[in-house]
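Architecture and fold: a report
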Amino acid sequence: MDRLEKNKETAKAFYDLMFNQCKPREAIKLYVGSEYIQHNPHVANDKEGFIAYFERMAKEHPGKKVTFKRVIAEKDYVVLHCHQEWPTDKNRDWAGIDIFRLDANGKIVEHWDVLQVVPNDIAHTNTMF
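Inspection of the secondary structure puts His-83 in strand β3 (residues 77-85). Among the polar contacts listed, one links the side chain of His-83 to the side chain of Asp-93, at a separation of 2.8 Å. Excluding anything up to four places from it in sequence, His-83 contacts Lys-65, Val-66, Thr-67, Lys-69, Asp-93, Trp-94 and Phe-129.

Another aspect to go through is the pattern of salt bridges. Here the structure, examined in full by the defined rule, presents nine salt bridges. A salt bridge links Arg-101 to Glu-35, with the shortest nitrogen-to-oxygen separation between them at 4.0 Å. Taken together, the residues Arg-101 in strand β4 (residues 93-102) and Glu-35 in strand β1 (residues 32-38) connect sequence positions 66 residues apart. In this structure, the salt-bridge partner of Arg-56 is Glu-60, at a minimum N-O distance of 3.5 Å. On the criterion of helical spacing, the pair formed by Arg-56 and Glu-60 is a turn pair, its members being four residues apart in helix α3 (residues 47-60). The exposure class assigned to Arg-56 is partly exposed, which follows from its relative accessible area of 39%. Counted as one network, the salt bridges with shared partners bring together Glu-35, Arg-101 and Glu-110.

Membership of the largest hydrophobic core comes to 25 residues, with the highest contact counts inside it found for Phe-14, Tyr-15, Met-18, Phe-50 and Phe-100. Mapped by element, the contributors of at least two residues to this core are α1 (3-20), α2 (24-31), β1, α3, β2 (65-74), β3 and β4. Considering each element in turn, this core owes the most residues, six residues, to α1.

The rules we used
- Residues numbered from 1 in each chain as written.
- Predicted model: local features only at pLDDT ≥ 70, side-chain atom pairs only at ≥ 80, totals over all residues.
- Heavy atoms only, no water.
- Helix = DSSP H or I, 4+ residues; strand = E, 2+ residues; numbered from the N terminus.
- Polar contact = N/O pair within 3.5 Å; in protein donor to acceptor, adjacent residues only side chain to side chain.
- Contact = heavy atoms within 4.5 Å.
- Salt bridge = Lys/Arg side-chain N within 4 Å of Asp/Glu carboxyl O.
- Buried < 20%, exposed > 50% of the residue type's maximum accessible area, 1.4 Å probe, protein only.
- Core = buried A, V, L, I, M, F, W, Y, C linked by side-chain atoms within 4.5 Å.

By themselves, these are just geometric observations and shouldn't be taken as functional.
Dropping the structure here:
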């Protein structure tokens, strides 16, 4: 498997473990490098802050899950186009883009994301996915 494919698999495995399986500490241990830079304004800029946030999300939103719709890799970056489902949230469905930067060892070291609620009414017949 080439480097881009390995990076894609790492990003998906990390996201699945921390979000779907609700094991953020294990995800950090397995897939994150020595540093972790977070750009989401709701999550602290370190590993422990990430763990605390997603442990809280697991308790507050049981049954949440993510499905990967597209996975794109270029150089040290992986982009995941995701469908997030939050069954206990007033906004159940979200479209998300997560961007991960990986180091030379294939470990995640930086993360950005943008999220948008999937609306009930749309102006066309396309989906957000």
